[in-house]
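# Reading the structure
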Amino acid sequence: MLSGEASWDDPVEAHAEFLREFVRTQSVQTNEVQRSWVLLPCFLRAAELLGVDELDVVELGPSAGLNLVWDRYRYAYAEGEWGPAGSPLRLSGREESRVPARLLALMPRVSRRVGIDRAPVDVTTDKGARLLECFLWAGQDERLERLARAIDVVRANPPLLVHGDLADELPSVLDDQPTLVFQTAVFPYLTDETRSAVRTALEDAPAPVAFVTAGRPRGREHGWGMRIELSPGAKREFVGHADFHGAWLDYAL
């Protein structure tokens, strides 16, 4: 449909071979860029905790890496805006508690950005862009527009996406530069062994690491609990709660 090779008027049987192969071989791939709106305050707090104004960024399970270029988007919060004013993509949401203006005054620079994924998506190609589009729910025109704008930003300067296992590849991408590592929806799909290996790699990194991770909420049924884990030392800080797709944020600090 997205490539113009089919129509809703076509009988399903006309594309049965394609559909069988697609469902058999293609895992679901989503890359919701709205999540960057709830991640940005966590990233700024991570830079504050590390005490740096420049850092490397590594995402675990980045899909196409749309959230790896978070610093190239424009953000709106009650206490102010953040990011390049000329960005093609402006993100906003509902704040259940305000993000402090102190954080929004921080402007950390990204020196290097890397993502590790078992099946990264190359949105510099039409095929890759269509793959992400086809996993959006029907009728979500605003989400489709956000995706298109984010793809334009990525195509201007794509991040490095490493094809491989997180436990195997993470040690090799951690450099001697203070590093922000983050994950949102990938940890629930990992084995206990792989999660343990990831944390060991962070603890053994050659430079300080701030790990921003989405996990179980505290005292509420819905949403993520957002945490920052500092290594070495595995010091943890609870940052707040966030919607799975980034629609709202309850910043707790």
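Throughout what follows, the structure given in this document is the object of discussion. The structure displayed is predicted, hence computed values, not measured ones. Residue numbering note: each chain is counted from 1, following its sequence as written. With the structure being a predicted model, the display of local features is reserved for residues of pLDDT at least 70 and the display and counting of side-chain atom pairs for 80 or more, all residues being used for whole-chain, interface and lining totals. Water and hydrogen atoms play no part in the side-chain values, which are based on all heavy atoms of the structure.

In this analysis a 1.4 Å probe is tested at points of a 1 Å grid over the protein atoms alone, and where it fits but cannot get out there is a cavity; an open set with protein on both sides within 12 Å along at least five of seven lines is a pocket; lining residues have an atom within 4 Å of a point. Grid points are joined across faces, edges and corners, and a volume is the space filled by probe spheres set on the points. In this structure, the largest pocket occupies an estimated 1300 Å³ of space. Surrounding the largest pocket, 36 residues form its lining, Met-1, Leu-2, Phe-18, Phe-22 and Cys-134 being those nearest its centre. Considering only residue class, the lining of the largest pocket consists of 19 nonpolar, 10 polar and seven charged. Of the voids in this model, the second largest pocket is the one considered here, and its volume is about 700 Å³. Looking at the second largest pocket, it is lined by 27 residues, and the ones nearest its centre are Gly-61, Asp-117, Ala-185, Val-186 and Tyr-189. Listed by contribution, the elements that provide at least two residues to the lining of the second largest pocket are strand S1 (54–60) and strand S6 (109–117). Asp, Glu, Lys and Arg are counted as charged, while Ala, Val, Leu, Ile, Met, Phe, Trp, Tyr, Cys and Pro are counted as nonpolar; the rest, among them Gly, fall into the polar class. In terms of residue class, the lining of the second largest pocket is built from 10 nonpolar, 12 polar and five charged. Labels follow the DSSP assignment, with helices taken as runs of H or I lasting at least four residues and strands as runs of E lasting at least two, numbered in each case from the N terminus.

Glancing now at the nonpolar core. In this structure, Leu-66, Trp-70, Tyr-73, Tyr-75, Val-212 and Met-226 are the most contacted members of the largest nonpolar core, which totals 53 residues. Considering every element that reaches this core, the biggest residue donor is helix H2 (residues 35–50), with 10 residues. Among all residues touching Val-212, those that are not within four sequence positions of it are Leu-39, Cys-42, Phe-43, Ala-46, Leu-180, Val-181, Phe-182, Gln-183, Met-226, Arg-227 and Ile-228. Side-chain atoms within 4.5 Å link the members of a nonpolar core, which is a set of buried Ala, Val, Leu, Ile, Met, Phe, Trp, Tyr and Cys residues. Remark: exposure states derive from per-residue accessible area (1.4 Å probe, protein chains only) relative to the maximum for the residue type, with buried under 20%, exposed over 50%, and partly exposed in between. Val-58, Val-181, Leu-190 and Phe-211 belong to the second-largest nonpolar core, a separate cluster that totals 19 residues. Note on contacts: a residue pair qualifies if any of its non-hydrogen atoms lie within 4.5 Å across the two residues.

This part is about the packing of aromatic side chains. Here a Phe, Tyr or Trp ring, Trp counted by its six-membered ring, pairs with any other such ring whose centre lies within 6.5 Å, and the pair is stacked when the planes are under 30 degrees apart, edge-to-face when over 60, and tilted otherwise. This model, assessed by the stated rule, comprises 10 aromatic pairs. When the centroid spacing of 5.9 Å and the interplanar angle of 25 degrees are considered together, the rings of Trp-70 and Trp-82 count as stacked. Here Trp-82 lies in strand S3 (residues 80–82) and Trp-70 lies in the loop between S1 and strand S2 (74–77), a separation of 12 residues in the sequence. Looking at Trp-70, the relative accessible area reads 1%, which means it is buried. Exposure remark for Trp-82: the relative accessible area of 3% places this residue in the buried category. In our convention, an over-ring charge means Lys NZ or Arg CZ found within 6 Å of a ring centre and within 35 degrees of that ring's normal. Lying across the ring of Trp-137, Arg-143 places its NZ or CZ 5.3 Å from the centre. Cation over ring: Arg-218 sits above Phe-238, and NZ or CZ is 4.2 Å from the ring centre.

Limitation: the analysis is restricted to geometry and does not speak to function.
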